[in-house]
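The chain contents come next:
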Amino acid sequence: MNERPDAPDRARRLVLKGAVAGGLAGLALGSFPFPAFADADAKDWPADAFKQKTEADALKALYGKSAEASDKVSLDAPEIAENGAVVPISVTSTLPGVTGIAVLVLENPNTLAAAYKIPAGSNAMVASRLKMAKTSKVVAVVESGGKLFSATKEVKVTVGGCGG
Amino acid sequence: MASTIRIRAVASGDTTEVQSLIQHPMDSGFVKDSKGQIIPPHHIEVVQFEHGGKVVFTALWGPAISKDPYLKFSFKGGKKGDDIKVSWVDNKGASDSFVGKIQ
């Protein structure tokens, strides 16, 4: 994989951690309106899951289980995508207590396209744009109550978006 | 330098809908340049949104997300004038963050 040189804010976070360990947390926090939050951290990225070539392997690497089809997951994608480089996809679900959403493109070189973490208080909804190498089934997976539910839709691609 | 992040967050009732656009090449690692050399993968890995000292959404992205990625989500709470912070980090360790206001 790629090397990830330490970003400056990672170094800063280490300093913050050191301050907490040193019992200076009260002093440090006193100067902020609310607790300082760490920015997006590459350590959270599930590299292994993004390398998988099949739906089952990707879900196993990401959640450690497999999904069952559910009509409470709704996947909105075009039937025909003229440009595979930009395919709008949106996923919503009426399931309660949704904690995660994943989007998989089965015919792409690596199956998993995106995974989203939904904290309590956020809605089970996400929209983004994907690249698709060729016509493929797109699978939306929703994690709710510790179980996985999925919806599948085939998207026909006339011009692939992965080059070559 | 201008920020790579544009965000529009609109509060309506008890829900805030957030749309963001980030400028990033999102190179997949499968595309060749004009000399036939593979362009190495260069894509955002993690995008995080914070409101009121709490993370409200985290996106984990592979290289299959389109160039200059768009993202829409919504959360409960948030009112006009509140700050919403976005931060991202890519596979080369580059990062950026931006604080916008809810409208």
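This text gives an overview of the structure that appears in the document.

The rules behind these values
Residues numbered from 1 in each chain as written. Chains lettered and ligands numbered in written order. Predicted model: local features only at pLDDT ≥ 70, side-chain atom pairs only at ≥ 80, totals over all residues. Helix = DSSP H or I, 4+ residues; strand = E, 2+ residues; numbered from the N terminus. Buried ≥ 20, exposed ≤ 12 C-beta atoms within 10 Å, placed from the backbone. Contact = placed C-beta atoms within 7 Å. Nonpolar A, V, L, I, M, F, W, Y, C, P; charged D, E, K, R; others polar. Pairing = 2+ DSSP bridges. Axes fitted to C-alpha atoms, helices over the stretch in contact; angles between N-to-C directions.

Remarks on the overall build of chain B
Looking only at helices and strands, chain B has zero helices and seven strands in total. The linear arrangement of helices and strands in chain B, starting from the amino end, is β-β-β-β-β-β-β. In terms of overall dimensions, chain B has C-alpha extents of about 55 × 25 × 20 Å along its principal axes. For chain B, buried positions account for 45% of its 103 residues. Counted over contacts in chain B with a minimum sequence separation of 6, partners at least 24 positions apart contribute 54%.

A few points about the overall build of chain A
Counting its regular elements, chain A contains four helices and nine strands. Helices and strands appear in chain A in the N-to-C order α-α-α-α-β-β-β-β-β-β-β-β-β. Per-residue burial over chain A gives 37% buried out of 164 residues. Restricting to contacts in chain A with at least 6 residues of sequence separation, those with at least 24 account for 66%.

Comments concerning the interface of chain A and chain B
Taken together, the contact pairs 43 residues of chain A with 40 residues of chain B. Going through the elements one at a time, strand E6 (112-117) and strand E7 (122-130) of chain A are the ones with two or more residues in the side of chain A that touches chain B. It is E7 of chain A that contributes the most residues to the side of chain A that touches chain B, eight residues altogether. Of the residues in the side of chain A that touches chain B, the class split is 26 nonpolar, nine polar and eight charged. Across four bridges, the pairing between E6 of chain A and strand E4 (residues 54-61) of chain B is antiparallel.

Topic: the pairing of strand E8 (residues 136-144) of chain A
Residues and elements named next belong to chain A. Within E8, eight of the nine residues are buried, which leaves it mostly tucked inside the rest of the structure. Of the strand pairs in this sheet, E8 and strand E9 (residues 147-157) are connected by nine bridges, and their pairing is antiparallel. Looking at E9, one finds that Val-141 is bridged to Ser-150. The turn linking E8 back onto E9 is made up of two residues, and Gly-145 within it adopts a positive phi angle of 55°.

So, the sheet that holds E7 of chain A
Strand order in the open sheet formed by six strands is E2(A)-E4(A)-E7(A)-E5(B)-E2(B)-E1(B), with antiparallel pairing between adjacent strands. Each of the sheet's edge strands pairs with one partner strand only, and the pair in question is strand E2 (73-76) of chain A together with strand E1 (5-12) of chain B. Within this sheet the neighbouring strands show an average axis-to-axis angle of 15°, counted without direction. Two strands pair when backbone bridges link them, and strand E4 (residues 87-93) of chain A and E7 of chain A are joined in this way by six bridges, in the antiparallel orientation. Of the residues in E7 of chain A, the one forming a bridge with Ser-90 of chain A is Ala-127 of chain A.

What is shown is where atoms sit, not what they do.
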